[in-house]
Amino acid sequence: MSEEKQRRYDQAYLRMAGEWAKLSHCTRKQVGALIVRDGMIVADGFNGTPSGFPNACETPEGETHWYVLHAEANAITKLARSSHGSQGATLYITMSPCRDCSKLILQSGIIRVVYQSAYKDREGLEFLEKAGVALHYLPLDL
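A brief report on the enclosed structure follows. Computed from a predicted structure; not experimentally measured.

Parameters at a glance
Residues numbered from 1 in each chain as written. Predicted model: local features only at pLDDT ≥ 70, side-chain atom pairs only at ≥ 80, totals over all residues. Heavy atoms only, no water. Helix = DSSP H or I, 4+ residues; strand = E, 2+ residues; numbered from the N terminus. Rg over C-alpha atoms; globule rule 2.2 N^0.38 Å. Buried < 20%, exposed > 50% of the residue type's maximum accessible area, 1.4 Å probe, protein only. Contact = heavy atoms within 4.5 Å. Areas by Shrake-Rupley, 256 points an atom, 1.4 Å probe, with all protein chains shown as cover. Core = buried A, V, L, I, M, F, W, Y, C linked by side-chain atoms within 4.5 Å. Disulfide = S-S within 2.5 Å. Pairing = 2+ DSSP bridges.

**Considerations on the overall build of the protein**
Next up, step 1: For the protein, the count of helices and strands is four helices and five strands.
Next up, step 2: Taken over the C-alpha trace, the protein has a radius of gyration of 14 Å; the compact-globule value for 142 residues is 14 Å, and the two agree within 12%.
Next up, step 3: With the C-alpha coordinates of the protein rotated into their principal frame, the extents come out at 50 × 35 × 25 Å.
Next up, step 4: Looking at the 142 residues of the protein, the share that counts as buried comes to 42%.
Next up, step 5: For the protein, the share of sequence-separated contacts (at least 6 apart) that also reach a separation of at least 24 residues comes to 50%.
Next up, step 6: Counting only carbon and sulfur atoms, one obtains 51% of the accessible surface of the protein, whose full area is about 8400 Å².

This is the structure we're talking about:
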């Protein structure tokens, strides 16, 4: 695929991840993720509480509940319940991964991460870079 065509696809998938983020019930930050393999979306996710929990992500004081799942973790665990795999896939995410999610990304076989904005802690990106995962920062003007 040409570089220009890849960029157009990257932008489109990031826009879709942005739409998916809007499904989150979190008030502090809404994050969306898509996992794409062989030109197909094989999983999606947004940050939120586990199934069966109330949708409120934050305490009345505004702190995020410890059990809230990040968008990429939701997408990876959804993929684990499917018949699809993530080996060689690309993760599109509206915010770069934290260090805990970076471990899941690496272990799942994702080889490329395209993100729209950077998380406050860059350790996740540094870990993935050290592990050889291709990282692409792609800010979108929506």
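Back to the write-up after that little detour.
**Topic: the nonpolar core**
The nonpolar side chains of a soluble globular protein tend to be buried with one another.
Next up, step 1: Formed by 20 residues in total, the largest nonpolar core has its most connected members in Ala33, Ile35, Leu91, Ile93, Ile105, Ile110 and Val113.
Next up, step 2: When residues of this core are traced back to their parent elements, those giving at least two are strand S1 (32-37), strand S2 (40-46), helix H2 (71-80), strand S3 (90-95), strand S4 (112-117) and helix H4 (123-130).
Next up, step 3: If you tally residues by element for this core, the top one is H2, at four residues.
Next up, step 4: One finds Ala17, Val114, Leu138 and Leu140 within the second-largest nonpolar core, a separate group that totals nine residues.

**A word on the state of the cysteines**
Next up, step 1: Counted under the stated rule, the structure contains one disulfide.
Next up, step 2: In this model, Cys26 is linked to Cys57 through a disulfide, with the two sulfur atoms separated by 2.2 Å. The sign of the -75° torsion about the S-S bond sets the Cys26-Cys57 disulfide as left-handed. Of this pair, Cys26 sits in the loop between helix H1 (3-21) and S1 while Cys57 is found in the loop between S2 and H2, placing the two residues 31 residues apart along the sequence. The pair Cys26 / Cys57 is uniform in exposure class, with both members buried.
Next up, step 3: Looking at Cys98, it has no disulfide partner, and the nearest cysteine sulfur is the one in Cys101, 3.8 Å off.

**Concerning the pairing of S1**
Next up, step 1: Among the six residues of S1, five are classified as buried, and the element is accordingly described as predominantly covered.
Next up, step 2: As defined by bridge partners, S1 adjoins S2 across six bridges and the pair is classed as antiparallel. From the neighbouring strand, Arg37 faces S2, where its bridge partner is Met40.
Next up, step 3: Counted between consecutive antiparallel strands, the loop separating S1 from S2 contains two residues, among which Asp38 sits at a positive phi close to 50°.

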